Protein chains: 2
Amino acid sequence: MLMKLIVKKFGGSSVANAERVANVARIITDSYKAGNNVVVVVSAQGDTTDDLIAKAKEINPHASKREMDVLLSSGEQISMSLLAMAIEKMGYPVVSLTGWQAGFVTDSAHGIARIRRVETERIAAELARKNIVIVAGFQGINRYDDITTLGRGGSDTSAVAIAASLKADLCQIYTDVDGVYTADPRLVKNAVKLDEITFDEMLELASLGAQVLNNRSVEMAKKYNVEMEVLSSMEDKPGTIVKEVVKMEKMLVRGAARDNNVARISLVALPDRPGIAFRIFSLLASKKINVDIILQSIGRDGTKDISFTVAEDNGEEAVAVLREHLESLGGKDVLCDTNISKISVVGSGMQSNPGVAAKMFEALSDANINIQMISTSEIKISVLIDKADSERALNVVHDAFIPTAK
Amino acid sequence: MLMKLIVKKFGGSSVANAERVANVARIITDSYKAGNNVVVVVSAQGDTTDDLIAKAKEINPHASKREMDVLLSSGEQISMSLLAMAIEKMGYPVVSLTGWQAGFVTDSAHGIARIRRVETERIAAELARKNIVIVAGFQGINRYDDITTLGRGGSDTSAVAIAASLKADLCQIYTDVDGVYTADPRLVKNAVKLDEITFDEMLELASLGAQVLNNRSVEMAKKYNVEMEVLSSMEDKPGTIVKEVVKMEKMLVRGAARDNNVARISLVALPDRPGIAFRIFSLLASKKINVDIILQSIGRDGTKDISFTVAEDNGEEAVAVLREHLESLGGKDVLCDTNISKISVVGSGMQSNPGVAAKMFEALSDANINIQMISTSEIKISVLIDKADSERALNVVHDAFIPTAK
């Protein structure tokens, strides 16, 4: 048997208490027993990070990000050592390493640091000694030897970065779901688990709110071509493989998603002059507000309307900045509608298949659901609809594309 | 005014909650405002270390010392960042450093590591930037970049090591008492606080159970001649200075102490042959049992008795090892008495004053307290007495030497 190098990542809920730590230790040692080299990336236990944040807020609600990183990075130091102890108890050789010990070098953006490189000498030496290596996720150090953190969900990125640096055969992300589904199973009765999905599809689904994997980690996995698997730490069965190219299985669409965190902003009766759109979106960019779907229409009176969507949390700020400049833009009013929802289908198969959009609109039309805006990319079609219709819309769109019996 | 470099150490109870952290932050910033360079060594908050140990025991009661060190060192990482945040809130420049960031290099004896050196470049650079520097006590790294801890009370040693390496003007140890007393004030009504005490006296008092300072830290302070001050973090008043030579103040005796953790072992009717004592104490040394007072007496029948004291916890093991070899030693029996107490007086003044012992014995005699064994050193006289008499003995001995009105 060929020896494989496998990186496994366990999130905070997977190691929340002694029993779960023991369960994770069993998963790790099973893989080690099977002859694999195993590197494990672990997050802070359960609510540790939130508890530490609460402690900090009590003392100083405006603490520096540098000191917050020092504080929060202790969370993984606790979970990684406890996990190592559980593996020691089972009689296997193991060593735990903090971010700096494991060689994570990041930039200096405390709280949202980016990994620059992983200096893998220490990890490689420990693997050569036949140790199982437990590494603290979410953390590293900058060039000044200051502790940094990668931000929420950063442990996924840590795992992919190690897998890329060590040229691992597989990077397994253990979560509380057993894989990636064609839709959120809590919303869609007929949702089915996917065996495989491409990086691009995963990125689109993640940005649409599937929230199984952190987007930065998938981007990095795509860049370095690291094969990932999303699987459950509670059930012993295969999950969903995420990779560059997958078998098509006659599936045009890989999944459907709903996003309720949407606000539609409309600028009404703008003069039909060049440069107006540029000015609007420059204003929003200066406030770091991301814009999603954009729609422009010419009215019969020689004016135009521009509508676009932003995350609901950004709605107020977007309206405020546009109101401030409304006069110079020459518009009449700024409207904001948060009573909407975005329904999307994602799949590499639709690139070469013009019938996908038609099929989606037909399904919505049959269900008597009105489409307010449409946006398409090579592997995604999104529509805006009334929020009240969103769960029904997700189901009819999903069922139009995904065979119910797999 | 000459700028001073001051190292301040705060124990776990001084930073146990947000309110106390704020109090400590005020002490630190007051010193900084007064124009001093300030380096602070901090222990883990309150019961953090015990909580972490409990977490570990739940998962693996026999965890490796390496992983225990990884786990426990997170405690100071939490307290140091919280303290830094409290200082930030007051508007002062501050930076917190872990053991490895602060340059603590130790040997590899996990859990009881010894500091080899402090590489002070980073601390010096932060002081040059006018930062208050908060350093994690109790921890360092070994030559392999593995995290080590110095064992309980190690933060005192961390503070003295930094003070020695930086050639600090003073090393202040903040505790929950306001200084070193002539005796434990909970036992001796007339105990008074000392303004000054020598390193040697402090070492004798600490080993006698005064427990104000960790002994290793005082040994290191003596070796590198670091002036220390023991003072309260709750009250704003001078404490007790510990240094090489102090004004004598006509005090022959600096303090009196009681030690109830004593067992007396007696070997009865040994043959009067050379080498017997050597064999007995070699056996005990091989079990790492420290022996304190030794008394040997020749009996009238040509045999001899040897008695000695050990810490009460070691009593059973000492008896067991001696019973095992009793036949080859030629003795009749091994006896163990734990119903005893050791009363000591300590003071550099007694070196040149032969009357001290007589005065001590007189005080005990007047109180009708029987002396069972006597041991003397240059700056200490100890006697063994019945445990039932110990509190009364401590008071009469103390009051014989220490002026009640100071």
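Here the structure is shown first, and the text comes after it.
Residues numbered from 1 in each chain as written. Chains lettered and ligands numbered in written order. Predicted model: local features only at pLDDT ≥ 70, side-chain atom pairs only at ≥ 80, totals over all residues.

### Points about the overall build of chain A
Thinking step 1. Of regular secondary structure, chain A possesses 12 helices and 20 strands.
Thinking step 2. By the compact-globule yardstick of 22 Å for 406 residues, chain A fits well, its C-alpha radius of gyration being 24 Å.
Thinking step 3. Principal-axis analysis of the C-alpha atoms places the extent of chain A at approximately 80 × 55 × 35 Å.
Thinking step 4. Pairs at least 24 residues apart make up 74% of the contacts formed inside chain A by residues separated by at least 6 positions. (Helix = DSSP H or I, 4+ residues; strand = E, 2+ residues; numbered from the N terminus. Rg over C-alpha atoms; globule rule 2.2 N^0.38 Å. Contact = placed C-beta atoms within 7 Å.)

### A few points about the relation of the copies chain A and chain B
To go from the first copy of the chain to the second, apply a rotation about an axis and then a shift along the same axis.
Thinking step 1. Superposition record for chain A on chain B: RMSD 0.1 Å, screw rotation 180 degrees, translation along axis 0.1 Å. Those values place the two copies in the arrangement expected of a two-fold rotation axis. Every residue of chain A has its C-alpha some distance from the rotation axis, and the shortest such distance is that of Ser 74 of chain A, at 2.7 Å.
Thinking step 2. A shared interface surface links the copies, since 100% of the contact residues of chain A are contact residues in chain B too. (Least-squares fit on C-alpha atoms with pLDDT ≥ 70 in both.)

### Remarks on unusual backbone geometry
For residues other than glycine, phi is negative in most cases, and the peptide bonds are mostly trans.
Thinking step 1. Although it is not a glycine, Lys 288 of chain A sits at a positive phi angle of roughly 60 degrees.
Thinking step 2. The phi angle at Ala 269 of chain B is positive, at roughly 60 degrees, despite the residue not being glycine.
Thinking step 3. Along the polypeptide, Ala 269 of chain B turns up in strand E14 (residues 262–271).

### A word on the environment of Asn 23 of chain B
Residue and element names in this part refer to chain B.
Thinking step 1. Mapping Asn 23 onto the fold places it in helix H1 (residues 18–33).
Thinking step 2. Judged by the 17 C-beta atoms lying within 10 Å of it, Asn 23 falls in the partly exposed class.
Thinking step 3. Sequence separation between Asn 23 and Ala 86 is 63 residues; the distance between their C-alpha atoms is 9.2 Å. (Buried ≥ 20, exposed ≤ 12 C-beta atoms within 10 Å, placed from the backbone.)

### Focus: the sheet that holds strand E3 (residues 94–97) of chain B
Residue and element names in this part refer to chain B.
Thinking step 1. If you trace the eight strands from one edge of the open sheet to the other, you get E3-E6-E2-E1-E9-E11-E12-E10, paired in mixed fashion. Whereas interior strands pair on both sides, the edge strands pair on one side only; in this sheet they are E3 and strand E10 (196–198). Averaged over all adjacent pairs, the angle separating strand axes in this sheet is 20 degrees, with direction ignored.
Thinking step 2. In the sheet, E10 pairs with strand E12 (residues 240–243) via three bridges, with the strands oriented parallel. (Pairing = 2+ DSSP bridges. Axes fitted to C-alpha atoms, helices over the stretch in contact; angles between N-to-C directions.)

### Comments concerning the interface of chain A and chain B
Thinking step 1. In this complex, chain A contributes 25 residues to the contact, which on the side of chain B involves 25 residues.
Thinking step 2. Contributions of two or more residues to the side of chain A that touches chain B are made by helix H1 (18–33), helix H2 (48–59) and helix H3 (65–89) of chain A.
Thinking step 3. Taken together, the residues of the side of chain A that touches chain B break down into 12 nonpolar, seven polar and six charged. (Nonpolar A, V, L, I, M, F, W, Y, C, P; charged D, E, K, R; others polar.)

### Observations regarding the sheet that holds strand E10 (residues 196–198) of chain A
All names here are of chain A.
Thinking step 1. In spatial order, the strands read E3-E6-E2-E1-E9-E11-E12-E10; together these eight strands make up an open sheet with mixed pairing. A strand with exactly one partner marks an edge of an open sheet, and here the two such strands are strand E3 (94–97) and E10. Neighbour to neighbour, the strand axes of the sheet diverge by 20 degrees on average, direction disregarded.
Thinking step 2. Pairing of strand E9 (residues 170–175) with strand E11 (residues 228–232), which is carried by five bridges, proceeds in the parallel orientation. Paired with Tyr 174 across the bridge in E11 is Leu 231.
Thinking step 3. Running at roughly 155 degrees to strand E6 (residues 132–136), helix H4 (residues 121–128) makes contact with strand E2 (37–42), E3 and E6 of the sheet.

### Side note on the pairing of strand E1 (residues 5–10) of chain A
Residue and element names in this part refer to chain A.
Thinking step 1. Most of E1 is tucked away, with five of its six residues classed as buried.
Thinking step 2. Pairing analysis gives six bridges linking E1 to E2, with the strands arranged parallel. Residue Val 7 lies in a different strand from E2, and its bridge partner there is Val 39.
Thinking step 3. Traced from E1 through H1 to E2, the parallel crossover comes out right-handed.
Thinking step 4. Pairing analysis gives five bridges linking E1 to E9, with the strands arranged parallel. For Lys 8, the partnering residue across the bridge sits in E9 and is Gln 172. (Right-handed = clockwise from strand over helix to strand, strands pointing away.)

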